[in-house]
Amino acid sequence: MAEAEVSLDKALERLEAIADKLEDPALDLDEAVRLYEEGLRLYAECAKRLDAADLRITQLADALAKQARERSAG
């Protein structure tokens with residue numbers, strides 16, 4: 001995904017389309033390899049973005065919990 005970032009939803013849609021195409025027994029080997037490589041890149045990008053979102057949510061939850069503790073202690 002070297003070009004402009006694609007939304008997570010669009011990337012997941014593309015991954016589904018790639019998976020569907022890879023199931024086609026008539027698919028040319030070169031095209032299958034190309035699609036597989038594209039799928040791996042998309043998967044890695046999606047996983048990276050989901051991990052970043054998970055980290056951000058954890059940080060926000062920790063900050064909210066800290067605020068709640070400070071309010072109840074004060």
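Residues numbered from 1 in each chain as written. Predicted model: local features only at pLDDT ≥ 70, side-chain atom pairs only at ≥ 80, totals over all residues. Heavy atoms only, no water.

**Q** What is the right way to look at the pattern of salt bridges in this model?
**A** A side chain of one charge can pair with a side chain of the opposite charge if their charged atoms are brought near each other. In total, this model carries 3 salt bridges according to the counting rule given. For E31, the salt bridge goes to R34, with nearest N and O atoms at 2.8 Å. Here the residue E31 and the residue R34 both occupy positions in helix α2 (residues 29-73), the gap between them amounting to 3 residues, near one helical turn. Using a relative accessible area of 26% as the deciding quantity, one classes E31 as partly exposed. Overall, the relative accessible area of 38% leaves R34 in the partly exposed class. (Salt bridge = Lys/Arg side-chain N within 4 Å of Asp/Glu carboxyl O. Helix = DSSP H or I, 4+ residues; strand = E, 2+ residues; numbered from the N terminus. Buried < 20%, exposed > 50% of the residue type's maximum accessible area, 1.4 Å probe, protein only.)

**Q** Looking at this structure, I do not really get the nonpolar core. What am I missing?
**A** Across soluble globular proteins, nonpolar side chains have a tendency to be buried as a group. Membership of the largest hydrophobic core is limited to 6 residues, which are A11, L15, I18, L35, L42 and C46. Contributing elements (two or more residues each) for this core: α1 (8-22) and α2. Those residues in contact with L35 that lie beyond four places of it in its chain are R14, I18, K21, L22 and L27. (Core = buried A, V, L, I, M, F, W, Y, C linked by side-chain atoms within 4.5 Å. Contact = heavy atoms within 4.5 Å.)

Everything listed here is a matter of coordinates, which is why it stays silent on function.
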